[in-house]
Amino acid sequence: MMIVGRWIWSGHDRSRSVLLVTHGLLLVVGSVAVGIGVWATQAAEHSGANGGGLLGPVAVIPLLIAGPVLVWLCGPSPSP
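A brief structural summary. (Residues numbered from 1 in each chain as written. Predicted model: local features only at pLDDT ≥ 70, side-chain atom pairs only at ≥ 80, totals over all residues. Heavy atoms only, no water.)

## Description of the overall build of the chain
Logical step 1: Looking only at helices and strands, one finds 3 helices and 0 strands in the chain.
Logical step 2: Mapped from its N terminus to its C terminus, the chain presents α and β elements in the order α-α-α.
Logical step 3: Rg of the C-alpha trace for the chain: 18 Å, well past the compact-globule value of 12 Å for 80 residues, more than 25% over.
Logical step 4: By principal-axis analysis of the C-alpha atoms, the chain measures approximately 60 × 20 × 15 Å.
Logical step 5: When burial is assessed residue by residue, the chain has 16% of its 80 residues classed as buried.
Logical step 6: Taking all contacts inside the chain whose residues are at least 6 apart in sequence as the whole, residues at least 24 apart take part in 61%. (Helix = DSSP H or I, 4+ residues; strand = E, 2+ residues; numbered from the N terminus. Rg over C-alpha atoms; globule rule 2.2 N^0.38 Å. Buried < 20%, exposed > 50% of the residue type's maximum accessible area, 1.4 Å probe, protein only. Contact = heavy atoms within 4.5 Å.)

In structure tokens, the structure reads:
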């Protein structure tokens, strides 16, 4: 990421393609984390209905981490 930042700062020719690759990878990782958070929340709800579910709030952690990452990735891109 430091190399990408340096390339953007200096106006390197490949900075746009590198940004697309890094943002694409982070978009995939963030989307998977949101999916895991939704699945874990549903599993916690099912477990709570059966008398368990003490760790249900822990299922929200992937959503709290991945949600802002996805919002950041889908926001406006800076002008070069």
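## Looking at the environment of G30
Logical step 1: Here G30 shows up in helix 2 (residues 15-49).
Logical step 2: Distance in space between the C-alpha atoms of G30 and L20 is 15 Å, their sequence separation being 10 residues.
Logical step 3: Residue contacts for G30: discarding those within four places in its chain leaves A66 and L70.

## A look at the packing of helix 1 (residues 2-10) against helix 2
Logical step 1: Two elements in contact, helix 1 and helix 2, have axes whose closest approach is 9 Å; the angle formed by their N-to-C orientations is 145°. Handedness of the crossing formed by helix 1 with helix 2: left-handed. Residues V4, W7 and I8 of helix 1 lie in contact with helix 2, whose contacting residues are S15, V18, L19 and T22.
Logical step 2: Residue classes in the contact of helix 1 with helix 2 are distributed as 5 nonpolar, 2 polar and no charged. (Axes fitted to C-alpha atoms, helices over the stretch in contact; angles between N-to-C directions. Left-handed = near helix turned anticlockwise from the far one by under 90°. Nonpolar A, V, L, I, M, F, W, Y, C, P; charged D, E, K, R; others polar.)

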